[in-house]
Amino acid sequence: MTWNTKLSHLHNAVHPQIYRLHYSVQAPRPRRSWDVCQLQQPCDSTFHWNGQQLEHPDFGTLLELAHEADWQEVTLKEVEQIPARPGDLLPEGPARQQLRLRLRRQPGCPYFGLGQRMAPMRRDPGIYCNWTVDPPWGQHRGMASLYQAHPYFWVQRPGLSLGVFLNSTWFSRFDMGHGHEDEIEISTLGGEMELYVLAAQDPAQLCELLAQLTGHPALPPCWALGYHQSRWGYRSQDEIQELAEEFRRREIPLDVIHLDIDYMDQYRSFTFDPERFPDPARLSAGLQQQGVRLVTIIDPGIRFDLHSGYTVAREGALQGHFLRNPDGSPFSAYCWPDSALFTDYTRPEARHWWGEQQRFLTDRGIAGVWIDMNEPALFSHPFSQGFSQQHPVPLATQQGDGEDQTVHAEVHNLYGHHMAQATQEGLKRICPEERPWVLTRSAFLGTQRYAASWMGDNHSWWEHLALTLPQLNSMGLCASPFVGVDIGGFFGNTHGELFERWMEQAVFYPFMRNHSALGTRPQEPWQFGPEVEQRVRAHIQLRYRLLPYLETLAWQAHRHGWPILRPLFYDFPQDRDCLLHEDQAMFGPWMMIAPITRPGHRQRMVYFPEGIWYDFWSTQTVEGPAYQVWPAPLGQMPIFFREGAAVPMGNARLSTSQPLESLTWHLFPGSQATHGVYIDPHGQAIHLHLSARKVAFDTPMAAKLVVRQGSTQTELTVTAEMDSVEF
Ligand code: MIG
């Protein structure tokens, strides 16, 4: 039913370019302690809201309601069920109050955003839900929800990049011109609807605003930008040691090995199997000698075992950190350790307690923590009994403390977010001198402050390789630059050609990890014969050579919120053609990639936006705008530098723990530009200014310059005494 209740309104700007629209059934509730919005103070602005339209003098009309003016702006409806546990009704009260707002769809403008979707980037027309789930058998195209929730969309129009963030952690749904072709319908539960409208002149500025609003991405430690090797099924300490040695024997760079659930003792979080992993501290020390770090997976489900000396379960239960049923008994569900208990991470003491558990790992030399199953993913039966239904936490389960006490339905989408926060804050407390690194599967907008993420369980299919760029690019637009997918594909068996095409493209993933499921064909770089190995080695080496550039992009992502991997329209917002090409991407502002994502293809069409483009592999140049068929033999995915680029590259190291011995700037004079390089770990920044015939340094440095002008290439050496070079 639809009620005609009078809703309270409260609209105001929180930043000269961010306007907040707030509707609620009751008087507005106090802010939650976990509210991801960091700008809350009203401020002066030139926005104008007339009850029907939101306008800004610099940008014109930003939003327009799709109803007649004399309608109430938002409609309210009672909803009992959402796609959760079958038969589980929403608790009475605000949880059932659905507010709905209909906006006019801006004709001819593409809509993007909405975070992690396995789908093309363009969102209209379509229906998208925000409700974190672990889809059985991994993700597939067009699923309404995945592991992460980003209730935020983006409209791109000439001279305006507009973002709309629905600040609701409840179940929400965006109908992007699906039900009504000329409307966008936003609905959420919880009896409140708060929208932040972000108006920017271009995509970069919109990303800056979103980071100011929801938090800047955590800067990863340098090693996390190297190559990661993982697999579900590495069974023992010896196997891990041999794996690292094999990488070294074959001279393939490697910084990190991930230990999946196999290392645990009966899948108990914060344990090592005493037989198969008898001495994890020795293992990590041995690996450290080789420049390899260990990351361990941790599941939120704590084995429900209060009597056999498993202190994590006992302590957590005694101190009251786990979720409880309405009758006060512990809430449990099945997961890897069979029957398990689940921390209520919405409570600050529980987060603190969880954070302290990380000592078990750091004491054994573990460098980072990979958190999985935190949608949370729970099951109806033990895994040993065959196929199991997903068994979400009942929506009425109480969570939180004091003023923040609420029902699971309100904080479900934050389960992974809060787990990431607890884990990262724990690591920071334990090792204050190091940058913590957490990798999470589930997340909400704002989680970028705590963790990097991967996109969950994909398949070893060409189709999934092709959807990777749109997926990662969308994450970058939604404030999450530090992302990657399982290289080679998680489920199913990969094969040489697919694997190497995947590796080629993964050189440019902000987070580069090879991972696959238990029982699938091994997919370490040498598993497909010597030729594939040789080319894959070269790709990973290229990743390491690019690290000075990537570290600089990472620093900028952290400081400004700019994505590292991004769609062409991000850098060329005036170019309508760029909106179409989701199979190419920019890697920072100065490199463009055009991967191969089809079997047998040895060339492809490449779109070159305006400017001169320099081929990475040859001396060829192209002047854009242009479409051109470009060769793409195995081992040579199309990569281009843009005119005006100065890309810092280093020597190909086997690990980031080896020193950066040389810095080479690849210069492509054309348009003038100022560049910097951020050199980890000291945060030393070097800046230079490139013009048509000259490069000037504002910081003394010793480096090599490779200057390309047309088809000629000149090499020059600069010493710390020189402040400029002409060519
Ligand atoms: O139920 O830990 O997405 O990366 O290898 C599967 C085993 C649990 C799901 C993760 C995947 C990981 C796997 N996990």
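Higher on the page you've got the structure.
Owing to the predicted nature of the structure, the values given are computational and were not obtained by experimental measurement. (Residues numbered from 1 in each chain as written. Predicted model: local features only at pLDDT ≥ 70, side-chain atom pairs only at ≥ 80, totals over all residues. Heavy atoms only, no water.)

Undergrad: Could you give me a rundown of the packing of aromatic side chains, with the residues and numbers involved?
TA: For the coordinates displayed, the defined rule picks out 40 aromatic pairs. With 6.0 Å between their ring centres and 50 degrees between their planes, phenylalanine 572 and tryptophan 613 make a pair best called tilted. Of the two residues, phenylalanine 572 sits in the loop between α13 (568–571) and β33 (585–587) while tryptophan 613 sits in strand β35 (residues 603–615), which places them 41 residues apart along the sequence. Judged on exposure class, the residue phenylalanine 572 and its partner tryptophan 613 are both buried. Aromatic pair phenylalanine 616 and phenylalanine 641: ring centres 5.7 Å apart, planes at 40 degrees, arrangement tilted. With phenylalanine 616 in the loop between β35 and β36 (621–631) and phenylalanine 641 in strand β37 (residues 639–642), this pair connects stretches of sequence that are 25 residues apart. Ring pairing ties together the aromatic residues Trp137, Trp232, Tyr267, Trp336, Phe379, Phe383, Phe490 and Phe491, which thus form one cluster. A cation over an aromatic ring shows up here: arginine 513 above the ring of tryptophan 370, its NZ or CZ 4.5 Å from the ring centre. (Phe/Tyr/Trp six-rings, centres within 6.5 Å; stacked < 30°, edge-to-face > 60°. Helix = DSSP H or I, 4+ residues; strand = E, 2+ residues; numbered from the N terminus. Buried < 20%, exposed > 50% of the residue type's maximum accessible area, 1.4 Å probe, protein only. Lys NZ or Arg CZ within 6 Å of the ring centre and 35° of its normal.)

Undergrad: Kindly report on the sheet that holds strand β20 (residues 302–303), identifying the contributing residues and their values.
TA: Within a beta sheet, neighbouring strands are joined by backbone hydrogen bonds and run either parallel or antiparallel to one another. Strand order in the open sheet formed by three strands is β20-β22-β21, with antiparallel pairing between adjacent strands. Unpaired on one side and paired on the other, β20 and β21 (332–335) mark the two borders of the sheet. Pairing of β20 with strand β22 (residues 338–341), which is carried by two bridges, proceeds in the antiparallel orientation. Residue pairing in the sheet places arginine 303 in a bridge with alanine 340 of β22. (Pairing = 2+ DSSP bridges.)

Undergrad: Could you give me a rundown of the layout of surface pockets, with the residues and numbers involved?
TA: Within this model, the largest pocket holds a volume of roughly 620 Å³. Along its surface, the largest pocket is lined by 28 residues, and Trp137, Trp232, Trp336, Phe383 and Phe491 are the ones closest to its centre. Its residues assigned to classes, the lining of the largest pocket comprises 17 nonpolar, five polar and six charged. (1 Å grid on protein atoms, 1.4 Å probe; cavity = no way out; pocket = protein on both sides within 12 Å on 5 of 7 lines; lining within 4 Å. Points joined across faces, edges and corners; volume = space filled by probe spheres on them. Nonpolar A, V, L, I, M, F, W, Y, C, P; charged D, E, K, R; others polar.)

Undergrad: Give me the lowdown on unusual backbone geometry, citing residues and values where you can.
TA: Note: most residues except glycine have negative phi, and most peptide bonds are trans. Cis geometry is adopted by the peptide bond preceding proline 125, which originates at aspartate 124 and carries an omega value of -5 degrees. Although it is not a glycine, phenylalanine 270 adopts a positive phi angle of roughly 65 degrees. Its place among the elements puts phenylalanine 270 in the loop between β18 (256–259) and α3 (280–289). Of the residues examined, phenylalanine 270 reaches a relative accessible area of 4% and is grouped as buried. Within the chain, alanine 479 stands out as a residue other than glycine whose phi angle is a positive 75 degrees. Relative to the helices and strands, alanine 479 resides in the loop between α9 (462–477) and β29 (483–484).

Undergrad: Before we move on, could you go through the pattern of salt bridges and cite the residues and values that matter?
TA: Taken as a whole and assessed by the stated rule, the structure comprises 35 salt bridges. The salt bridge involving arginine 250 is made with glutamate 533; its shortest N-O contact spans 2.8 Å. Of this pair, arginine 250 sits in the loop between α2 (237–249) and β18 while glutamate 533 sits in helix α11 (residues 530–545); the two residues are 283 residues apart in sequence, bridging distant segments of the chain. Between aspartate 583 and arginine 604 there is a salt bridge, with its nearest N and O atoms 3.1 Å apart. Residue aspartate 583 is located in the loop between α13 and β33, and its partner arginine 604 is located in strand β35; the two are separated by 21 residues in the primary sequence. A relative accessible area of 39% places aspartate 583 in the partly exposed class. The class for arginine 604 is buried, based on a relative accessible area of 10%. Salt bridges linked by common partners bring Asp134, Asp372, Glu375, Arg441 and Asp457 together as one network. (Salt bridge = Lys/Arg side-chain N within 4 Å of Asp/Glu carboxyl O.)

Undergrad: Give a description of the site of the ligand that names residues and reports values.
TA: Around the ligand sit 13 residues, and of these Asp260, Asp372, Arg441, Asp457 and His515 come closest. Residue aspartate 372 places a side-chain N or O atom 2.8 Å away from a nitrogen atom belonging to the ligand. Here an oxygen atom of the ligand and a side-chain polar atom of histidine 515 are 2.9 Å apart. When each cavity is represented as a set of grid points, the ligand is found to reside in the largest pocket. Of the residues belonging to the shell around the ligand, the class tally is eight nonpolar, one polar and four charged. (Near = heavy atom within 4 Å. Polar contact = N/O pair within 3.5 Å; in protein donor to acceptor, adjacent residues only side chain to side chain. Sits in = over half its atoms within 2 Å of the grid points.)

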